[in-house]
Amino acid sequence: MKLTVLGKYGPYPAAGGGTSSYLLQGESAAVALDFGSGALGRLARFVAAENLRAVVLSHLHYDHICDLLPFSYCLKAKDKRVELIMPDTDCFQRKIIDDLDGFDIKFIKPNMRIGEFDFSFEKMRHPLESYSMRISSGGRTLFYSGDTAFCPEITEIAAGSDLLLLDCGRAENTPAPHLSLSEAAFIAKTLKAQTIATHLNPALNYVSPSPLVTVAREGETYCV
Ligand SMILES: [Zn+2]
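Described below are features of the structure shown in this document. (Residues numbered from 1 in each chain as written. Predicted model: local features only at pLDDT ≥ 70, side-chain atom pairs only at ≥ 80, totals over all residues. Heavy atoms only, no water.)

Geometry sets the ideal angles at a metal, namely 109.5 degrees for four tetrahedral donors and 90 or 180 degrees for six octahedral donors. Listed as protein donors to the zinc ion are His59 (NE2), His61 (ND1), His126 (NE2) and Asp147 (OD); their distances from the metal cover 2.2 to 2.3 Å. For the zinc ion, the four donor atoms in the first shell make angles of 89 to 173 degrees at the metal, a pattern classed as irregular. In terms of primary sequence, the donors binding the zinc ion are separated according to H-x1-H-x64-H-x20-D. Pair noted here: histidine 126 is in the loop between strand 8 (117-123) and strand 9 (131-137) and aspartate 147 is in the loop between strand 10 (140-144) and helix 5 (154-157), with a separation of 21 residues, a long-range link. Aspartate 147 matches histidine 126 in its accessibility class, with the two residues each being buried. (Donors = N, O, S within 2.8 Å, 3.2 Å for Na, K, Ca; no water. Tetrahedral: all angles 85-135°; square planar, octahedral: opposite > 155°, others 65-115°. Helix = DSSP H or I, 4+ residues; strand = E, 2+ residues; numbered from the N terminus. Buried < 20%, exposed > 50% of the residue type's maximum accessible area, 1.4 Å probe, protein only.)

Written out as structure tokens, the structure is:
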């Protein structure tokens, strides 16, 4: 599998940047993981958005969903439909998404087969219902944390993954419902797994604390 970072920031982008969105390409299918600001235009450099097998949302905070709105215009213009897999959360954003054209909505279940990808979802710790994703194809596994505060069980949920993509939106020693870079490094070290630090707070300066941890770069493609 190949993972491309479309947008690496949260909750808002730095100059020229985008918010959480990732393209995952396998042998025969491609899915988008979250769909924040900038996702649609950046995705088009790699695949036609209407040819995605699905968009999978970890949760419905704005910085993970906002480019669904112009994506719906794109689908309407091209008379196409795309599967949208998301938490069954009762919130304002849900009402907006329900009214969008072009999406076939399915709700997250613990285990789902999406194209060639086997997804396992686990509920994480975040103010809005949010899920991590373990995604396997061709004998390789990606773990994406979505947004979450640190929880001890994350090392069990992510164990055995070949690549970790971890939310690092929290400044060290501040309260926020996100991981910090040092917590991501702890998870990487515990699991001896290559890790990409993402959902970066644009107010912070990130320097990798470990050879196992790579600070995400937008437009970069990583092998899983
Ligand atoms: Zn969030």
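What follows concerns the sheet that holds strand 7 (residues 111-114). Overall, mixed pairing links the seven strands, which are arranged 7-8-9-10-11-12-13 in an open sheet. Two strands bound the open sheet, and with one partner strand each, they are strand 7 and strand 13 (213-215). Here the average twist between neighbouring strands, direction ignored, is 20 degrees. Sheet contacts for helix 6 (residues 181-191): strand 11 (163-167), strand 12 (194-198) and strand 13; angle to strand 11, the most-contacted strand, approximately 160 degrees. (Pairing = 2+ DSSP bridges. Axes fitted to C-alpha atoms, helices over the stretch in contact; angles between N-to-C directions. Contact = heavy atoms within 4.5 Å.)

A separate point is unusual backbone geometry. Look at the link from glycine 10 to proline 11: it is a cis peptide, with omega at 0 degrees. Along the polypeptide, proline 11 turns up in the loop between strand 1 (2-7) and strand 2 (21-25). With a phi angle near 55 degrees, aspartate 79 is a residue other than glycine that sits in the positive phi range. Assignment of secondary structure puts aspartate 79 in the loop between helix 3 (68-78) and strand 5 (82-86). Aspartate 79 gets classed as exposed once you look at its relative accessible area, which sits at 71%. Of note, the phi angle at asparagine 173 is positive, near 60 degrees, even though the residue is not glycine. By the element assignment, asparagine 173 lies in the loop between strand 11 and helix 6. Overall, the relative accessible area of 80% leaves asparagine 173 in the exposed class.

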